[in-house]
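Spelled out, the chains give:
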Amino acid sequence: MQPIISVSNLSKTYASGFSALKNINLDISRGEIFALLGPNGAGKTTLISIICGIVNPTEGTVLADGHDIVRDYRDARSRIGLVPQELTTDAFETVWATVSFSRGLFGKPANPAHIEKILKDLSLWEKKDSKIMTLSGGMKRRVMIAKALSHEPQILFLDEPTAGVDVELRRDMWEVVRSLRETGVTIILTTHYIEEAEQMADRVGVISHGEIILIEDKAELMHKLGRKQLTLQLQQRLEQVPAELSSHGLELSDDGNELVYTYDTQGERTGITALLKDLNDAGIRFKDLQTKQSSLEEIFVNLVSERR
Ligand SMILES: Nc1ncnc2c1ncn2[C@@H]1O[C@H](COP(=O)(O)OP(=O)(O)OP(=O)(O)O)[C@@H](O)[C@H]1O
């Protein structure tokens with residue numbers, strides 16, 4: 001199937017000469033939730049802003065549902081809803097007026113039934129006549145989503161949807177995003193929170209210094225995550241891993257005092273029983289042992305720091 005967003009050879013150099021994006025290639029499939037992860041300044045907002053037609057690319061093309069975002073801006077943009085990082089709503093307007101007005105900005109005829117549906121879906125219906133300034137922070141964020149959905153876009157960008165939001169509200173937002181996906185909307189979100197990507201995304205992309213350094217199915221990433229390490233502190237230091245233990249893929253620490261065994265928690269067998277037996281047979285004794293699970297956070301930090 002044709003991707004709903006196709007980014008090819010995209011680069012952005014700001015007027016300052018700063019190169020914020022370097023040759024980005026990325027396809028987003030229809031109906032997926034894609035999480036774009038990256039440290040501050042990695043280029044996430046720049047990428048979203050280009051796709052949404054707010055920032056001009058220096059090189060490359062972006063197609064949104066087959067429409068070139070530069071040459072065919074209006075058609076491309078009408079397919080996209082954007083929830084920006086900052087809350088930008090008119091404090092004195094009512095929820096209903098704000099959301100209806102947003103729809104009008106895209107040249108769409110009024111459709112009260114649609115506005116009613118999104119307000120209901122986002123649990124805002126009871127607040128439809130309330131002024132924005134009287135709403136809680138979480139409600140205001142929902143209003144931002146309602147605005148972005150007012151013109152029935154097929155693609156929704158959420159730039160840091162849960163930045164500065166408490167844990168409970170974050171969970172709420174995840175629910176909202178999941179139920180949106182059920183209506184067929186493709187969702188691309190940026191986040192600093194690895195947990196968010198773990199919970200919600202079908203696929204994860206990691207961007208660092210303006211380059212995409214990894215794109216992976218979440219399930220695949222979780223599989224990598226499912227690795228654990230067993231560290232054995234040896235009674236006597238070793239010069240090298242004995243040949244009879246070579247099948248276990250052990251690593252010896254630089255000082256020779258620790259053996260590290262990595263295994264897959266999702267596998268049927270960990271191989272630990274066999275390892276302990278072989279260690280015993282080889283006469284290797286240990287004082288202590290620890291297990292440690294590598295988190296997505298660690299994988300991410302390693303990936304990003306390698307690039308620095
Ligand atoms: N108008 C601009 N002129 C010059 N440099 C800019 C401009 N806008 C952004 N940048 C720089 O481009 C880089 C990428 O910024 P961007 O906002 O895309 O990052 P980000 O990944 O969204 O970061 P954050 O997570 O902090 O929002 C940063 O170093 C930023 O300082």
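Keep in mind it's a predicted model, so treat the numbers as computed, not measured. (Residues numbered from 1 in each chain as written. Predicted model: local features only at pLDDT ≥ 70, side-chain atom pairs only at ≥ 80, totals over all residues.)

## Brief notes about the overall build of the protein chain
Reasoning step 1: A count of helical and extended segments in the protein chain gives 10 helices and 14 strands.
Reasoning step 2: Over its C-alpha atoms the protein chain spans a radius of gyration of 25 Å, topping by over 25% the 19 Å that the globule rule assigns to 308 residues.
Reasoning step 3: Projected onto the principal axes, the alpha-carbon positions of the protein chain cover approximately 80 × 45 × 35 Å.
Reasoning step 4: Counting all 308 residues of the protein chain, 32% fall into the buried class. (Helix = DSSP H or I, 4+ residues; strand = E, 2+ residues; numbered from the N terminus. Rg over C-alpha atoms; globule rule 2.2 N^0.38 Å. Buried ≥ 20, exposed ≤ 12 C-beta atoms within 10 Å, placed from the backbone.)

## Things to note about the site of the ligand
Reasoning step 1: Around the ligand, the neighbouring residues are Tyr14, Ser16, Phe18, Ala20, Gly38, Asn40, Gly41, Ala42, Gly43, Lys44, Thr45 and Thr46.
Reasoning step 2: Among the elements that take part in the shell around the ligand, helix H1 (residues 44-51) stands out by supplying 3 residues, more than any other.
Reasoning step 3: When the residues that make up the shell around the ligand are grouped by side-chain class, the tally is 4 nonpolar, 7 polar and 1 charged. (Near = placed C-beta within 6 Å. Nonpolar A, V, L, I, M, F, W, Y, C, P; charged D, E, K, R; others polar.)

## Observations regarding the domain arrangement of the protein chain
Reasoning step 1: The assigned domain composition of the protein chain is domain 1 (5-223) and domain 2 (227-294).
Reasoning step 2: Computed over C-alpha atoms only, the centres of domain 1 and domain 2 are separated by 46 Å. (Domains from an automatic or database assignment.)

## A short note on the nonpolar core
Reasoning step 1: In this structure, Ala35, Ile51, Ala146, Leu156, Phe157 and Ile187 are the most contacted members of the largest nonpolar core, which totals 60 residues.
Reasoning step 2: Of all the elements, helix H5 (residues 137-149) adds the most residues to this core, at 6 residues.
Reasoning step 3: Within the second largest apolar cluster, 6 residues are counted, among which are Leu232, Tyr261, Leu275 and Leu279. (Core = buried A, V, L, I, M, F, W, Y, C linked by C-beta atoms within 7 Å.)

## With respect to the pairing of strand E2 (residues 19-28)
Reasoning step 1: The sheet contact formed by strand E1 (residues 5-13) and E2 spans 6 bridges and is antiparallel. Counted as the bridge partner of Thr13 is Ser19 from E2.
Reasoning step 2: Turn length for the E1-E2 hairpin, with the two strands adjacent in sequence and antiparallel, is 5 residues, and the turn residue Gly17 shows positive phi of about 95°. (Pairing = 2+ DSSP bridges.)

## Here we look at the sheet that holds strand E5 (residues 67-68)
Reasoning step 1: Spatially, 4 strands are ordered E2-E1-E4-E5 in an open sheet, and the strand pairing comes out antiparallel. Edge positions in the sheet fall to E2 and E5, since each of these pairs with one other strand and no more.
Reasoning step 2: The pairing of strand E4 (residues 59-64) with E5 spans 2 bridges and is antiparallel. Bridge pairing in E5 links Leu63 to Asp68.

## Observations regarding the sheet that holds strand E10 (residues 211-217)
Reasoning step 1: With respect to topology, 6 strands assemble into an open sheet ordered E6-E7-E8-E3-E9-E10, the strand pairing being mixed. The open sheet is flanked by strand E6 (80-83) and E10, the only strands paired with a single partner. Strand after strand, the sheet turns through a mean of 15° between neighbouring axes, direction not considered.
Reasoning step 2: Direction of pairing for E6 relative to strand E7 (residues 155-159): parallel, over a ladder of 4 bridges. Pairing of Leu82 across the sheet is with Phe157, part of E7.
Reasoning step 3: Sheet strands in contact with H1 are strand E3 (33-37), E7, strand E8 (186-191) and strand E9 (203-208), and its direction is about 150° off that of E7.
Reasoning step 4: Strands E6 and E7 of the sheet are contacted by H5, whose axis makes an angle of about 160° with E6. (Axes fitted to C-alpha atoms, helices over the stretch in contact; angles between N-to-C directions. Contact = placed C-beta atoms within 7 Å.)

## Structural notes on unusual backbone geometry
Reasoning step 1: Look at Ser123: it is not a glycine, yet its phi comes out positive at around 55°.
Reasoning step 2: In this fold, Ser123 is placed in the loop between helix H4 (112-121) and H5.
Reasoning step 3: A residue is classified by how many C-beta atoms lie within 10 Å of it, and Ser123, with 14 of them, is partly exposed.
Reasoning step 4: Positioned with a positive phi, Glu152 is a non-glycine residue whose angle comes to about 55°.
Reasoning step 5: Mapped onto the elements of the fold, Glu152 is located in the loop between H5 and E7.

## Looking at H1
Reasoning step 1: Counting buried residues in H1 gives 6 out of 8 residues, a clear majority hidden from the surface.
Reasoning step 2: Those residues of H1 that sit buried are Lys44, Thr46, Leu47, Ile48, Ile50 and Ile51.
Reasoning step 3: Of the residues trailing H1, Gly53 is marked for its positive phi of about 75°.

## Details of the environment of His67
Reasoning step 1: For His67, the position within the fold is in strand E5.
Reasoning step 2: Along the backbone, His67 and Ile4 are 63 residues apart, and their C-alpha atoms lie at a distance of 9.7 Å.
Reasoning step 3: Setting aside residues up to four positions removed in sequence, His67 forms contacts with Asp72, Asp75 and Ala76.

## Describing the packing of helix H3 (residues 95-105) against H5
Reasoning step 1: The interhelical angle for the contact between H3 and H5, taken along N-to-C directions, is 30°, at an axis separation of 7 Å. Our classification of the angle between H3 and H5 gives roughly parallel. Between H3 and H5 lies a crossing whose hand is right-handed. The segment H3 lies against H5, with Val95, Thr98, Val99 and Ser102 engaging Val143, Ala146 and Lys147. (Parallel < 35°, antiparallel > 145°, perpendicular 65-115°, else oblique. Left-handed = near helix turned anticlockwise from the far one by under 90°.)

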